[in-house]
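Examining the three-dimensional arrangement
Spelled out, the chains give:
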Amino acid sequence: YFDKNPFLVPKDNRVTISNIPIGSTLKIMTLDGRVLKTLNEDSFTMYEWDGKDEFGIYVHSGVYIVVSSNLEEKTAVGKLAVIREE
């Protein structure tokens, strides 16, 4: 679940991604499968993403794939629209 979709960057500051199994790895990816950001959280079911890639740069406007993977749960995939306003 995304609390903002589309996510307005940088206006919205952060998007909350929730209902994630504890101990999951979350990957923000381009449609062609390039990983832009990896988030790990051992004890929460909610993640926050600021719209930046691994280098601290805001991603471009577009649709991104969000993949949640966990050894004990099924992999979940969602789509997140990002609108860059600067």
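Summary of the structure given here. All figures in this text were calculated on a predicted structure; none of them were measured in a lab.

We now examine the sheet that holds strand β4 (residues 35–40). With mixed pairing, the 5 strands of this open sheet are ordered in space as β1-β7-β6-β3-β4. Looking at the sheet topology across the chains shown, the edges are occupied by β1 (7–9) and β4. Shown here is a sheet whose adjacent strand axes are inclined to one another by a mean of 30 degrees, direction ignored. Taken together, the 3 bridges between β1 and strand β7 (residues 73–84) define a ladder with parallel strand orientation. For Val9, the partnering residue across the bridge sits in β7 and is Arg84.

Turning to the pairing of β4, a few remarks are in order. Relative to β4, strand β3 (residues 25–29) is paired through 5 bridges, and the arrangement is antiparallel. Within the sheet, the bridge partner assigned to Lys27 lies in β4 and is Thr38. Counted along the chain from β3 to the antiparallel partner β4, the turn is 5 residues long, and its residue Gly33 has a positive phi close to 95 degrees.

Glancing now at the packing of aromatic side chains. What the rule picks out here adds up to 1 aromatic pair. Ring centres 5.9 Å apart and planes at 55 degrees place the aromatic pair Phe7 and Trp49 in the tilted group. Note that Phe7 is positioned in strand β1 and Trp49 in strand β5 (residues 46–49), a separation of 42 residues in sequence. An identical accessibility class is assigned to Phe7 and Trp49; each is buried. Directly above the aromatic system of Tyr58 lies the positively charged group of Lys52, at a separation of 5.1 Å from the ring centroid.

The next subject is the nonpolar core. One finds Phe7, Ile17, Leu26, Trp49, Val66, Leu80 and Val82 to be the most contacted residues of the largest nonpolar core, which totals 17 residues. Every element with two or more residues in this core is listed here: β1, β2 (15–18), β3, β4, β5, β6 (62–70) and β7. Setting aside chain neighbours within four positions, we find Leu80 in contact with Phe2, Lys4, Asn5, Phe7, Val15, Trp49, Gly62, Val63, Tyr64 and Val66.

Relative to the helices and strands, Glu72 resides in the loop between β6 and β7. Of the residues examined, Glu72 reaches a relative accessible area of 74% and is grouped as exposed. Taking C-alpha positions, Glu72 is 14 Å from Thr45, a pair spaced 27 residues apart along the chain.

Next up on the list: unusual backbone geometry. Residue Pro6 is bonded to the preceding Asn5 through a cis peptide linkage, with omega at 20 degrees. Residue Pro10 follows Val9 across a cis peptide bond; omega there is 0 degrees. Looking at where Pro10 falls in the secondary structure, it is placed in the loop between β1 and β2. The phi dihedral of Asn13 is positive, around 70 degrees, even though this residue is not glycine. Turning to its location among the elements, Asn13 is positioned in the loop between β1 and β2. A positive phi angle, close to 65 degrees, is found at Asn19, a residue other than glycine.

Cut-offs and rules
Residues numbered from 1 in each chain as written. Predicted model: local features only at pLDDT ≥ 70, side-chain atom pairs only at ≥ 80, totals over all residues. Heavy atoms only, no water. Pairing = 2+ DSSP bridges. Helix = DSSP H or I, 4+ residues; strand = E, 2+ residues; numbered from the N terminus. Axes fitted to C-alpha atoms, helices over the stretch in contact; angles between N-to-C directions. Phe/Tyr/Trp six-rings, centres within 6.5 Å; stacked < 30°, edge-to-face > 60°. Buried < 20%, exposed > 50% of the residue type's maximum accessible area, 1.4 Å probe, protein only. Lys NZ or Arg CZ within 6 Å of the ring centre and 35° of its normal. Core = buried A, V, L, I, M, F, W, Y, C linked by side-chain atoms within 4.5 Å. Contact = heavy atoms within 4.5 Å.

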